[in-house]
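Geometric and topological summary
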Amino acid sequence: MRRLVHWRGRTSREVAARRARHLRAQLGVAADIAIAAQRKTLAARLESVGHEGAGERLLRGRVDIDDVLEYARQHFALTSATQEQAAAALRTRYELRGGHRDLDTDAYSPAVESSAEAGERTG
C-alpha cells in the first residue's frame, strides 16, 4: 500500500511538471505572435513614413505583457496565466528573437517580478 501511495505522488508531480512545461510553451508561442504582430505593425508604419534614414531609427514598436496574455487567451484559452509567467516568457522570446533592435518591452520592469525574487532581495 505504501508503494502505491508513493507512485501516485510521483505521478502527480510528473503531471504538474508536464503541465508547467506546456503552459510555458504556450506562453512562448503567444509571445512570438505578439512580437511578430508588433513587427508587422512597425513595418507598415515605416512604409507609410517612407524610407528616410532618420525616420527608420526613430520608429520603434512596443510589446507589452498584456499583449502576450491577450494572445494566450485568444489562441490557447489561457485565462490562468499570471503576469509574472507571461513576463518571463516574453523576456526569453524577446532576447532570442533580437527584439532590442526594433522593439521595446515592459517585461523587464521592476513592477513585474515574482514574489520569490522580492523575497530574496528583502530577506
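First, a word on scope: everything that follows refers to the structure included in this document. Every value quoted in this text rests on a predicted model; they were computed, and no experiment measured them. (Residues numbered from 1 in each chain as written. Predicted model: local features only at pLDDT ≥ 70, side-chain atom pairs only at ≥ 80, totals over all residues. Heavy atoms only, no water.)

**Section: the packing of aromatic side chains**
Just so we agree on the cut-off: Pairing of aromatic rings covers Phe, Tyr and Trp, the last counted by its six-membered ring, and requires centre-to-centre distances within 6.5 Å; plane angles under 30 degrees mean stacked, over 60 mean edge-to-face, and any other angle means tilted. The helix and strand labels rest on DSSP assignments: H or I over at least four residues marks a helix, E over at least two residues marks a strand, and numbering proceeds from the N terminus. Buried residues are those whose accessible area, probed at 1.4 Å on protein chains only, stays under 20% of the maximum for their type, while exposed residues exceed 50% and partly exposed ones sit between those limits.
Under the criterion given, the structure shown has 1 aromatic pair. With centroids separated by 6.1 Å and ring planes inclined at 65 degrees, the aromatic side chains of Y94 and Y108 adopt a geometry described as edge-to-face. Here the residue Y94 occupies a position in helix α4 (residues 83-96), and Y108 occupies one in the loop between β2 (103-105) and α5 (115-122), the gap between them amounting to 14 residues. On the accessibility criterion, Y108 (41% relative accessible area) is partly exposed.

**Some words on the nonpolar core**
Going by this rule: Nonpolar cores are built from buried Ala, Val, Leu, Ile, Met, Phe, Trp, Tyr and Cys residues. Side-chain atoms within 4.5 Å join them into one set. We call two residues in contact whenever any of their non-hydrogen atoms come within 4.5 Å of each other.
Membership of the largest hydrophobic core comes to 20 residues, with the highest contact counts inside it found for L27, V63, I65, V68 and L90. Contributing elements (two or more residues each) for this core: α1 (2-49), α3 (65-76) and α4. In terms of residue count, α1 provides more of this core than any other element does, 6 residues in total. For V63, the residues in contact, after removing those within four places along its chain, are A34, I35, Q38, L90, L103, D104, T105 and D106.

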